[in-house]
Amino acid sequence: MTPRASRSAALLDVDGTLVDTNYQHTVAWLRAFRYHGVFVPAWRIHRHIGMGGDHLVAAVAGQGVEDEHGDSIRDAEGVLYRTLIHEAEPLPGARDLLRALKAEGHTVVLASSAKEHEMQRYLDVLDAREVVDAWTTSADVDRTKPDPDLVHAALERAGTDEAVFVGDTRWDCEAAARAAIPCVALLCGGFGEAELIAAGAVAVFDDPRDLLDHLDEAPFDAG
């Protein structure tokens, strides 16, 4: 690939964008709700994966469940997901995409609200420790997506306001829009192209490999 004259930072979501975990998270949330006697259909949970846990409980089960069980359900989801994280594998092209962005001179930040132990696992499966410039975790934000806190934290780590966010859900697109940066969306999280565009995506690709193959079509040039 030809080096670009002006390069923005590349901020990349991890769950569902680089690592195939959205359905494991769906199962963990489903079981956490059931443990507390709350029935929420799996499809409804999946439609909110990518939204942070501080928003998700009320969004899928109502404010009453949030008030009565919210913290306990979130804690249970964390424990249950820990039993599934060993299934996490990179999506096709994820490792190569990170390396290509770095080789082109972009500052590469993994922008995630995953827990610290989850991020350490993802760094290992992506073989990314020597590739990315920085990463974020849940400890870096007070409010999760679709609030823009995570994007702002990643921008701070990148040391620039010129950036492109890469995500896989409408919540990624909305958070990027609220932070006033463009979002490139991927279909590998299970959300539809029309929905992602309606939420603010400026371009949509199938998965990391498809984005890598069409990197010159994505808006990574700053200025």
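Worth saying up front: this structure is predicted, and the values here are computed from it rather than measured. (Residues numbered from 1 in each chain as written. Predicted model: local features only at pLDDT ≥ 70, side-chain atom pairs only at ≥ 80, totals over all residues. Heavy atoms only, no water.)

1. Let's talk about the pairing of strand β4 (residues 163-167)
The cut-off we apply is this: Accessibility here uses a 1.4 Å probe with only protein chains present; expressed as a share of the type maximum, an area under 20% marks a residue as buried, one over 50% as exposed, and anything in between as partly exposed. Helical segments are the DSSP runs of H or I of at least four residues, strand segments are the runs of E of at least two, and each set is numbered from the N terminus. We treat two strands as partners when DSSP finds at least two bridges between them. The handedness of a crossover follows from its direction of travel: if, with the strands pointing away from the viewer, the path from the first strand over the helix to the second runs clockwise, the crossover is right-handed.
Counting buried positions along β4 gives 5 out of 5 residues, so the element sits mostly inside the fold. Burial along β4 is two-sided: A163, F165 and G167 and V164 and V166, pointing in opposite directions, are all buried. With 4 bridges joining them, strand β1 (residues 9-12) and β4 adopt parallel strand pairing. Each residue of the ladder has a partner; that of A9, found in β4, is A163. Sheet analysis places β4 next to strand β5 (residues 183-186), joined by 3 bridges and oriented parallel. Following the sheet pairing, F165 is matched in β5 by C183. At this point the chain moves from β4, through helix α8 (residues 170-178), to the parallel β5, and the crossover so formed is right-handed.

2. A word on the confidence of the model for the protein chain
Counted only if it meets this: A residue's pLDDT is the predictor's confidence in that residue, given on a scale from 0 to 100. Contact criterion: two residues are considered in contact whenever any of their non-hydrogen atoms come within 4.5 Å of each other.
Averaged over all residues, the pLDDT of the protein chain equals 94, while 96% of them reach at least 70. Residue range residues 1-5 is modelled with pLDDT below 50. Its contacts to residues more than four positions away, or to other chains, number 10 contacts.

3. Describing the packing of aromatic side chains
Rules: To pair, rings of Phe, Tyr and Trp, with the six-membered ring standing in for Trp, must have centres within 6.5 Å; the planes then decide the type, stacked if under 30 degrees apart, edge-to-face if over 60, and tilted in the middle.
This structure, assessed with the given rule, holds 1 aromatic pair. Taking the centre distance of 6.1 Å and the plane angle of 35° together, the rings of W29 and F33 count as tilted. Of this pair, W29 and F33 both sit in helix α1 (residues 22-35), separated by 4 residues, roughly a single helical turn. One exposure class covers both W29 and F33, and it is buried.

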